[in-house]
Amino acid sequence: MSSESLLELAKSRAPADRERLLLGIVELCDAGEGTAAVVSPQIQALLNSIFLGLVAGAEREIRKRLAEKLSTAEWAPPALINVLALDEIEIARPVIASSPLLKDVDLIRLLVEATIEHQIEVARRPNLGASVVTAILSAAEPAVMTALAGNASAELGPGDLQRLVEAAREVASLRIPLSKHPGLTGDLALRLYIWVGQALRQSLADRFRLAPTLIEAALAQSVAEAHIAAPSGQGAVVMARDGDREAMEARLIEKLHAAGQLRAGYLVRALQEGRLSLFVAALATLGRFEMDHVRRVIDSDRPELLGLACAAVGIDRSVFPAILEMIRSLNNGRPGGGPEGARRAIGAFGPVSAQVAATAFRQAALSV
């Protein structure tokens, strides 16, 4: 786009022209990336003034496209990048994930000031530095620590991994990503072995060739430690109880809901992370359903009821088959019904309102 065209667009206040102006300036700077002119302090100050002035009144879609365009740009004004990183999560995500201009101090500020979803994106950022890792572990937010545990490129030292393994006793969602972490040592695997289920135990035993005698000794030591820690007259608890895990997940969902950050997309993310109980809690909260009703429907042979619940909270028809498949893989094939049940479930996304779907779910769930 020529400079003359940009000048013409600058005179217009129409949203479409403002978007073209923003993207036109981006293209112009991309073409000159690496040149002394673009990175000079005078040009940077000018770009900063132009962009911040335009972005301040820009519509959401314009800010979203701008964030995507600038997510890997090295010439962009750092102040603008920080503004976009604090925007709503769909706008901020590509910037947090990829911008080379976000330094450790900027990422730590996001951990302090931004929403849980922003914090999770920070924890997933490739090649995360040690100081950011320390900040995440100090805050000890379960969802953020889980994202960190799944980030193989983060700068996690042996002490950091040890803290995550110890946290896995209470935070069940840490166990799967930690069991696959390339930095996990044999000693830490043995410690993690105590907290995980049978399938993960077998995986850890195979990967690290854990000897049965070592496993027995670790389990015995854990029982002894739990007895020492338990109050007099009370039984020892080795693994976190299901109720404890569900209580922690309920607190997380309440926190997200109170902050206005609990949306339908979170349901998909919970399943992608293998957290079925978190999905249940989120679905019940979003739909104002009884938690027990959601659990019973998921364990039933009537996936169409699950379809009604998802339709009631705004899940799109096209997304539901993937949701059903993930739930079945995490829940031993339930809800049943096979392909025919899946077809019935799609029928739940008929031309009815979310309110009607929610009412139908509540009534039908009583009979499950």
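Details of the structure are given in the entry above.
Just so it is clear, the structure is predicted and the values come from calculations on it, not from any experiment.

Chemist: Even after reading the chapter, I still don't get the overall build of the protein, so can you show me in this structure?
Modeler: Summing up its helical and strand segments, the protein has 24 helices and zero strands in all. Among the 368 residues that make up the protein, the fraction classed as buried is 48%. A fraction of 63% describes how many contacts in the protein between residues 6 or more apart in sequence connect residues 24 or more apart. As presented, the protein carries roughly 17800 Å² of accessible surface, and 55% of it is formed by carbon and sulfur atoms.

Chemist: Is there a simple way to explain the nonpolar core in this structure?
Modeler: As a rule of thumb, nonpolar side chains are buried together in soluble globular proteins. Judged by nonpolar contacts, the single largest core of 103 residues is most densely connected at Leu-148, Phe-279 and Leu-306. For this core, the leading source of residues is helix H19 (residues 276-287), giving eight residues. With sequence-adjacent residues up to four places away left out, Leu-148 is seen in contact with Ala-123, Leu-128, Val-133, Ile-136, Leu-137, Ala-154, Leu-156 and Leu-164.

Chemist: Help me understand helix H22 (residues 320-330), please; the structure alone is not making it clear to me.
Modeler: Side chains of residues three or four places apart in an α-helix project in the same direction, reflecting 3.6 residues per turn. By the burial criterion, the buried members of H22 are Phe-320, Ile-323, Leu-324, Met-326, Ile-327 and Arg-328. The elements touched by buried residues of H22 are helix H18 (264-272), H19, helix H20 (291-298), helix H21 (303-312) and helix H23 (338-347). Two residues or fewer past H22, Asn-332 is found with a positive phi of approximately 55°.

Chemist: Explain the packing of aromatic side chains here, please?
Modeler: Following the criterion strictly, the structure yields two aromatic pairs and no others. On the basis of an interplanar angle of 50° and a centroid distance of 5.3 Å, the ring pair of Phe-320 and Phe-349 is categorised as tilted. Of this pair, Phe-320 sits in helix H22 while Phe-349 sits in the loop between H23 and helix H24 (354-365), and the two are 29 residues apart along the sequence. With respect to burial, Phe-320 and Phe-349 carry one shared label: buried.

Chemist: I keep staring at the pattern of salt bridges and nothing clicks. Help me out?
Modeler: It is possible for side chains of opposite charge to pair when their charged atoms get near one another. Counted by the stated rule, this structure contains 17 salt bridges. With its nearest N and O atoms 3.0 Å apart, the salt bridge here joins Glu-61 to Arg-60. A salt bridge links Lys-64 to Glu-68, with the shortest nitrogen-to-oxygen separation between them at 3.1 Å. On the criterion of helical spacing, the pair formed by Lys-64 and Glu-68 is a turn pair, its members being four residues apart in helix H5 (residues 60-70). Here Glu-68 falls in the partly exposed class, since its relative accessible area comes to 43%.

Chemist: What am I meant to see in the side chain of Arg-275 here?
Modeler: Within the fold, Arg-275 resides in the loop between H18 and H19. Overall, Arg-275 belongs to the buried group, its relative accessible area being 6%. Filtering out sequence-adjacent residues up to four positions away, Arg-275 remains in contact with Ala-143, Thr-146, Ser-173, Glu-249, Leu-252 and Ala-270.

Chemist: Is there a simple way to explain the packing of H21 against H23 in this structure?
Modeler: The packing of two helices is summarised by the inter-axis angle and the distance between the axes. It is the contact of H21 with H23, at a shortest axis distance of 7 Å, that shows an interaxial angle of 30°. One way to sum up the angle between H21 and H23 is to call them roughly parallel. Two packed elements cross with a definite hand, and for H21 against H23 that hand is right-handed. Contact residues: Pro-303, Glu-304 and Gly-307 in H21; Gly-341, Ala-342, Arg-344 and Ala-345 in H23. Its residues assigned to classes, the contact of H21 with H23 shows three nonpolar, two polar and two charged.

Chemist: Would you mind showing me how to read the environment of Ser-300 here?
Modeler: Note that Ser-300 resides in the loop between H20 and H21. In this structure, the C-alpha to C-alpha distance between Ser-300 and Gly-337, residues 37 residues apart in sequence, is 8.8 Å. Once residues within four sequence positions are removed from consideration, Ser-300 is found in contact with Arg-334, Pro-335, Gly-336 and Val-368. Within polar-contact distance, the side chain of Ser-300 engages the backbone nitrogen of Arg-302 at 3.1 Å.

Rules and cut-offs
Residues numbered from 1 in each chain as written. Predicted model: local features only at pLDDT ≥ 70, side-chain atom pairs only at ≥ 80, totals over all residues. Heavy atoms only, no water. Helix = DSSP H or I, 4+ residues; strand = E, 2+ residues; numbered from the N terminus. Buried < 20%, exposed > 50% of the residue type's maximum accessible area, 1.4 Å probe, protein only. Contact = heavy atoms within 4.5 Å. Areas by Shrake-Rupley, 256 points an atom, 1.4 Å probe, with all protein chains shown as cover. Core = buried A, V, L, I, M, F, W, Y, C linked by side-chain atoms within 4.5 Å. Phe/Tyr/Trp six-rings, centres within 6.5 Å; stacked < 30°, edge-to-face > 60°. Salt bridge = Lys/Arg side-chain N within 4 Å of Asp/Glu carboxyl O. Axes fitted to C-alpha atoms, helices over the stretch in contact; angles between N-to-C directions. Parallel < 35°, antiparallel > 145°, perpendicular 65-115°, else oblique. Left-handed = near helix turned anticlockwise from the far one by under 90°. Nonpolar A, V, L, I, M, F, W, Y, C, P; charged D, E, K, R; others polar. Polar contact = N/O pair within 3.5 Å; in protein donor to acceptor, adjacent residues only side chain to side chain.

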